[in-house]
Amino acid sequence: MVLVTGADGFIGSHLVEALVNSGEKVKAFVYYNSFNNWGWLENSRVKNEIEVFAGDIRDPNGVRNAVRGVNTIYHLAALIAIPFSYHSPDSYVDTNIKGTLNILNAAKDFNTSRVIVTSTSEVYGSAKYVPIDEKHPLQGQSPYSATKIGADKLAESYFKSFELPVSIARPFNTYGPRQSARAVIPTIITQLLSGATKIKLGSLEPTRDFNFVRDTVSGLIAIATNHSTIGQEVNIATGKEISIKQLATELINQINPEAVIVNDFNRTRPTNSEVDRLLGCNKKILQLTNWQPQFTFEQGIAQTIEWFKHNLSHYKPDIYNI
């Protein structure tokens, strides 16, 4: 059996569906709430084919119960919004670092066969060289990225100290259907689809390497199913970059060419916290696995826009989601 933490979230729900479609028995770890809501799995076509475990990644007892009896763990549960980490850093330490520690300890105690800890390209900070490979220095430019660095280093230590068969998967910016409103692509699309003609954005100069969510999911599975990735940090990246301004201009042209970009200071990161450039090197994943990105940026954006057209009611475009 496979355990997916953060299964109710954006990438996690897509991963659950891909695993079920490949024939895996899946235990989906979702965040406990009194509404018994399973997040994006609520309306998933595989909802009745999975075992749902409602818990809190911060609680070691619940995590142990979830891990018992599984062979592979995909650990995605995390707090990810960078602006929110500026004023609530304690919650990021508890969730991202202690939550990962709980997974690692349980996996060690139950001799779990494979553990995939999901990192982020934000741990690299602003590029000191490009393309960014796995040897690039780690830079904690936000409380969020600092906690993800901490989680990565804990995973590394459990491999070196206890021979835990862990891999660190490091996706660059993932986008697609179901993504949180706090991310730049949903921010732009939802404003445009709601009829806004003044699209509020923060910094326009930073560049990002965007992965369509289904490519990120296939990358996670490729890393988990390849023995050579044990003890390794592995980027999931396209090797291509686009600036936020270029991105916004393209989306405006596709949805409403009459719209214009306006700067919203509230959406701008502190100067030394902004990550100016992210362009990933994917040589390692190409060498160690059979992974190849299957979607061009144009294909991914088209699918993303189409999904948001039918699901705009899930979002509040007029409110800045930090």
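Before reading further, recall that the structure is shown in the block above.
Let me begin by describing the structure that accompanies this report.

Cut-offs applied
- Residues numbered from 1 in each chain as written.
- Predicted model: local features only at pLDDT ≥ 70, side-chain atom pairs only at ≥ 80, totals over all residues.
- Heavy atoms only, no water.
- Core = buried A, V, L, I, M, F, W, Y, C linked by side-chain atoms within 4.5 Å.
- Buried < 20%, exposed > 50% of the residue type's maximum accessible area, 1.4 Å probe, protein only.
- Contact = heavy atoms within 4.5 Å.
- 1 Å grid on protein atoms, 1.4 Å probe; cavity = no way out; pocket = protein on both sides within 12 Å on 5 of 7 lines; lining within 4 Å.
- Points joined across faces, edges and corners; volume = space filled by probe spheres on them.
- Nonpolar A, V, L, I, M, F, W, Y, C, P; charged D, E, K, R; others polar.
- Helix = DSSP H or I, 4+ residues; strand = E, 2+ residues; numbered from the N terminus.
- Phe/Tyr/Trp six-rings, centres within 6.5 Å; stacked < 30°, edge-to-face > 60°.

Turning our attention to the nonpolar core. Core analysis: the largest hydrophobic core is formed by 51 residues, its most contacted members being V4, V16, Y74 and L220. With near-sequence residues (within four places) excluded, Y74 lies in contact with V2, L3, V4, T5, L15, L19, I116, L220, I221 and A224. In terms of nonpolar packing, the next biggest core, distinct from the first, is built from 21 residues, V63, A77, L104 and A107 among them.

One pass over the full model with this rule turns up 2 cavities of 30 Å³ or more. Of the volumes computed, that of the largest cavity is approximately 70 Å³. Taken together, A181, T187, T190, Q191, R267, K316, P317, I319, Y320 and N321 form the lining of the largest cavity. Here the lining of the largest cavity is composed, by residue class, of 4 nonpolar, 4 polar and 2 charged. Taken as a whole, the second largest cavity holds about 40 Å³ of empty space. Elements supplying a minimum of two residues to the lining of the second largest cavity: α4 (89–109), β5 (114–118) and α5 (143–162). Partitioning the lining of the second largest cavity into residue classes produces 5 nonpolar, 4 polar and 1 charged.

Tallying each qualifying case throughout the model produces 14 aromatic pairs. Both rings, one in W307 and one in Y315, keep their centres 6.3 Å apart while their planes meet at 85°; by these two values the pair is edge-to-face. W307 gets classed as buried once you look at its relative accessible area, which sits at 18%. Given the relative accessible area of 10%, Y315 is considered buried. An aromatic cluster is defined as three or more aromatic residues linked by ring pairs; in this entry it consists of Y175, F210, F212, F295 and F297.

Within helix α6 (residues 184–193), 8 of the 10 residues are buried, which leaves it mostly tucked inside the rest of the structure. Three or more residues of α6 are buried, namely I185, P186, T187, I188, I189, T190, Q191 and L192. Lining the buried residues of α6 we find β7 (174–175), β8 (198–201), α8 (244–255) and α10 (297–311). One or two positions beyond α6, positive phi appears at G195, with a value near 100°.

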